[in-house]
Amino acid sequence: MTTVTFESVNPATGEVVGSHPKQTAQSVQEAVGRAEVAAAWWAELGAAERRRRLLDYKAVIAQHIRDLADLVHAETGKPVGDATLEIVLAITHIDWAARNAHKVLGRRRVSTGMIGMNLSATLEYLPLGVVGVIGPWNYPVFTPMGSIAYALAAGNAVVFKPSELTPGVGVRLAELFAESVPEHPVFQTVTGLGETGAALASDPRVKKIAFTGSTATAKRVMAACAENLTPIVAECGGKDAFIVDADADLKAAADACLWGAMSNAGQTCVGVERVYVVDSVYEPFMRELAEGVAKVKAGEHYGPITMPGQLDIIRRHIDEATKSGKIMTGGPESVRAPFVDPVIVEDVPEDSPAVREETFGPTITVRRAADAREALRLANDSAYGLAGTIYSGNTRRAMELARLMRSGMTAINSVISFAGVPALPFGGVGDSGFGRIHGADGLREFARPKAISRQRFAMPGMNLTSFSRGAGELERLIRLVSILHGRRKR
């Protein structure tokens, strides 16, 4: 049988980077079958041995950081420096997951309370088995590794379906893992288009799916998972807001805003897309922003739009924004495929697609707000709720705003900094998805809690779970509960 293949292409040059098989449903099923066997072996190894091998995997990736960054650059078009940064972040997450898995998931005693004083109780988190990961193209190492590393550290085997735009990166990640774990295919990559991902999501032997991508695609993946009640963690898009308070460091805020919006050509789920500036500092902030954006060049500071179809969305949003807003820089002519020059538009109506929908390009809308509270209200008025940023000189107010921001993560006086802290969970609310990767929550996401209670001795005169229970035992129970819980709090 002839193997059907597809090519990955450098979006900046059109050059073919590699050719990969369009793996069929049967191929995916075979991979899952191998993963089932590998998962049993991997779980049996125990936490200490998994830790050692994952730390070795981290070292292998670090040794190949240059050639892996070159591959990321070739398949996404992003600068090698940016590719290197995402690999470094991925390495720190593998390290954290490996070192903390046993502490987070290992067996521990829990309190039984007075009613259960004759019991001992333990809680631990056990592996699920086979985890399917469906990854994106914009950060083809860092983002899927936030699921892969944590699933592996929790004792699972992983079958990874990378984006069809970056299949070579996904294949290479599994190849490097095999250098540290050669015995069984604990981490496999399957390549292909949407049908390959659908086959993975619909396989009943896959015990959880970790998906990163658009909200619309997440709904289709969830529908496939629903057939087998397969749980899913979904990290979808965002329309993240950036708030500039009255006492913010405006130069630092403008610099962070530009990087958060324009780096990776704006193709960042937690990138800056909406900016709300307190009125009293609006003009000086815009001067700083104008001075900074004049130095940012497409093709030099960031790469092309990786997915050609996204250009239509970006173009539509720019057209709609510039019809009613005030152009500070760029405009419809900024779209020159495959690149998009920076676009900043002021006073765009809040019901515009450029404000309501995810653009995923190097564009931002900027609007005045009477004060930080109004800025927060505008920021929260979105179907999305992934992340956001607060710039303020008042730590207490900044913390209050951050807590009230409707998002899974918020950075204060920095941008996207939470992604570099492995102990912090990553994920959103609303149309940005649900569930968490990274941190202790990310480890538990790929494990199942196992509760065990053991009777240490029989409770004298109070055998409550027996048909021989008498009225006297119930009376003693009522008296005990009244002593423990019957006092009202005033």
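Conventions used here
- Residues numbered from 1 in each chain as written.
- Predicted model: local features only at pLDDT ≥ 70, side-chain atom pairs only at ≥ 80, totals over all residues.
- Heavy atoms only, no water.
- Helix = DSSP H or I, 4+ residues; strand = E, 2+ residues; numbered from the N terminus.
- Rg over C-alpha atoms; globule rule 2.2 N^0.38 Å.
- Buried < 20%, exposed > 50% of the residue type's maximum accessible area, 1.4 Å probe, protein only.
- Contact = heavy atoms within 4.5 Å.
- Arc of directions from axis to C-beta.
- Polar contact = N/O pair within 3.5 Å; in protein donor to acceptor, adjacent residues only side chain to side chain.
- Pairing = 2+ DSSP bridges.
- Axes fitted to C-alpha atoms, helices over the stretch in contact; angles between N-to-C directions.
- Parallel < 35°, antiparallel > 145°, perpendicular 65-115°, else oblique.
- Left-handed = near helix turned anticlockwise from the far one by under 90°.
- Nonpolar A, V, L, I, M, F, W, Y, C, P; charged D, E, K, R; others polar.
- Core = buried A, V, L, I, M, F, W, Y, C linked by side-chain atoms within 4.5 Å.
- Expected span 1.5 Å × (residues − 1).
- Phe/Tyr/Trp six-rings, centres within 6.5 Å; stacked < 30°, edge-to-face > 60°.
- Salt bridge = Lys/Arg side-chain N within 4 Å of Asp/Glu carboxyl O.

Side note on the overall build of the chain
Part 1 of the argument: Broken down by element type, the chain carries 16 helices and 22 strands.
Part 2 of the argument: Against the globule reference of 23 Å for 490 residues, the chain gives a C-alpha radius of gyration of 26 Å, in line with a compact fold.
Part 3 of the argument: Once the C-alpha set of the chain is aligned to its principal axes, its extents read approximately 85 × 70 × 40 Å.
Part 4 of the argument: Per-residue burial for the chain yields a buried fraction of 53% across its 490 residues.
Part 5 of the argument: A sequence separation of at least 24 residues applies to 71% of the contacts in the chain between residues at least 6 apart.

With respect to helix α13 (residues 372-380)
Part 1 of the argument: Those residues of α13 that fall on the buried side of the exposure criterion are A372, A375, L376, L378 and A379. Mapping the buried residues of α13 onto a view down its axis gives an arc of 165°, with all of them on the same face.
Part 2 of the argument: Packed against the buried residues of α13 are β10 (240-244), β11 (272-278), β16 (363-369) and α14 (395-404).
Part 3 of the argument: Residue D371 occupies the N-cap position of α13, its side-chain oxygen lying 3.2 Å from the main-chain nitrogen of R373.

Quick word on the sheet that holds strand β4 (residues 119-127)
Part 1 of the argument: Read from one edge to the other, the open sheet built from three strands follows the order β3-β4-β22, with strand pairing classed as antiparallel. Each edge of the open sheet carries a strand with a single partner, namely β3 (108-110) and β22 (447-455). Across this sheet, the average inter-strand angle for adjacent strands is 30°, counted without regard to direction.
Part 2 of the argument: Across nine bridges, β4 lies against β22 in antiparallel orientation. From the neighbouring strand, L119 faces β22, where its bridge partner is Q455.

Quick word on the packing of α13 against α14
Part 1 of the argument: Here α13 crosses α14 at 20°, and the two axes come no closer than 10 Å. Overall, the two elements α13 and α14 adopt an arrangement that is roughly parallel. Every pair of crossing elements has a handedness; the one defined by α13 and α14 is right-handed. Contacts between α13 and α14 involve A372, R373, L376 and N380 on the former and, on the latter, E400, L401 and L404.
Part 2 of the argument: Within the contact of α13 with α14, the residues separate by chemical class into four nonpolar, one polar and two charged.

Points about the sheet that holds β10
Part 1 of the argument: In space, the seven strands of this open sheet follow the order β12-β15-β16-β11-β10-β18-β19, with mixed pairing throughout. The sheet is open, and its two borders are formed by β12 (326-329) and β19 (411-412), each paired with just one other strand.
Part 2 of the argument: With two bridges connecting them, strand β18 (residues 388-391) and β19 associate as parallel partners. Paired with I390 across the strands is I412, a residue of β19.

Considerations on the nonpolar core
Part 1 of the argument: Residues Y57, L152, L173, F177, F187, I209 and L443 are the most contacted members of the largest nonpolar core, which totals 73 residues.
Part 2 of the argument: Examining the composition of this core, we find that 11 residues originate from one element, helix α4 (residues 80-105), more than from any other.
Part 3 of the argument: Beyond its immediate chain neighbours, meaning those up to four positions away, F187 contacts Y57, I148, L152, V158, F160, L173, A174 and F177.
Part 4 of the argument: V293, V335, L401 and F426 belong to the second largest nonpolar core, which has 70 residues in total.

Comments concerning the side chain of S382
Part 1 of the argument: Checked against the element boundaries, S382 lands in the loop between α13 and β17 (384-385).
Part 2 of the argument: Every residue in contact with S382, bar those within four places of it in the chain, is listed here: K239, R274, R356 and R406.

A closer look at helix α2 (residues 47-63)
Part 1 of the argument: With 17 residues, α2 should reach 24 Å at 1.5 Å per residue; the first-to-last C-alpha distance of 24 Å fits that figure.
Part 2 of the argument: Residues of α2 that are buried include every one of R50, R53, L54, L55, Y57, K58, V60 and I61, and no others.
Part 3 of the argument: Taken together, the buried residues of α2 touch α1 (25-45), α3 (65-76), α4, α5 (142-153), α6 (167-180) and β7 (187-189).

What about the packing of aromatic side chains?
Aromatic rings in a pair are described by how distant their centres are and how their planes are angled relative to each other.
Part 1 of the argument: Evaluation of the coordinates by the stated rule reveals nine aromatic pairs.
Part 2 of the argument: Judged by centre distance (6.2 Å) and plane angle (35°), the rings of W96 and Y150 are tilted. Of this pair, W96 sits in helix α4 while Y150 sits in helix α5; the two residues are 54 residues apart in sequence, bridging distant segments of the chain. Each of the two residues, W96 as well as Y150, counts as buried.
Part 3 of the argument: A centroid spacing of 5.7 Å and a plane angle of 70° characterise the contact between F177 and F187, whose relative ring orientation is edge-to-face. Here F187 lies in strand β7 and F177 lies in helix α6, a separation of 10 residues in the sequence.
Part 4 of the argument: Judged by its relative accessible area of 1%, F177 falls in the buried class.

Thoughts on unusual backbone geometry
Leave glycine aside and you will find that most residues have negative phi; peptide bonds, for their part, are mostly trans.
Part 1 of the argument: A337 connects to P338 through a cis peptide bond whose omega is 5°.
Part 2 of the argument: Residue position: P338 is located in the loop between β13 (335-336) and β14 (339-340).
Part 3 of the argument: Backbone geometry at I416 places phi at a positive 60°, although glycine is not the residue there.
Part 4 of the argument: Looking at where I416 falls in the secondary structure, it is placed in the loop between β19 and β20 (429-430).
Part 5 of the argument: For I416, a relative accessible area of 15% translates into the label buried.

A look at the pattern of salt bridges
Part 1 of the argument: Summed over all chains, the structure comprises 26 salt bridges.
Part 2 of the argument: Among the salt bridges present, the one from R397 reaches D247, with a minimum N-O distance of 3.2 Å. Placement of the pair is R397 in helix α14 and D247 in the loop between β10 and α9 (250-262), with a sequence separation of 150 residues.
Part 3 of the argument: Residue D247 is classed as partly exposed on the basis of its relative accessible area, which comes to 35%.

Regarding the packing of α3 against α6
Part 1 of the argument: For the pair α3 and α6, interaxial distance at closest approach is 8 Å and the crossing angle is 160°. In this view, α3 runs roughly antiparallel relative to α6, as classed from their interaxial angle. Along its contact with α3, which presents D67, L68, L71, V72 and E75, the element α6 presents P167, G168, V169, R172 and L173.
Part 2 of the argument: In the contact of α3 with α6, the residues fall into six nonpolar, one polar and three charged.

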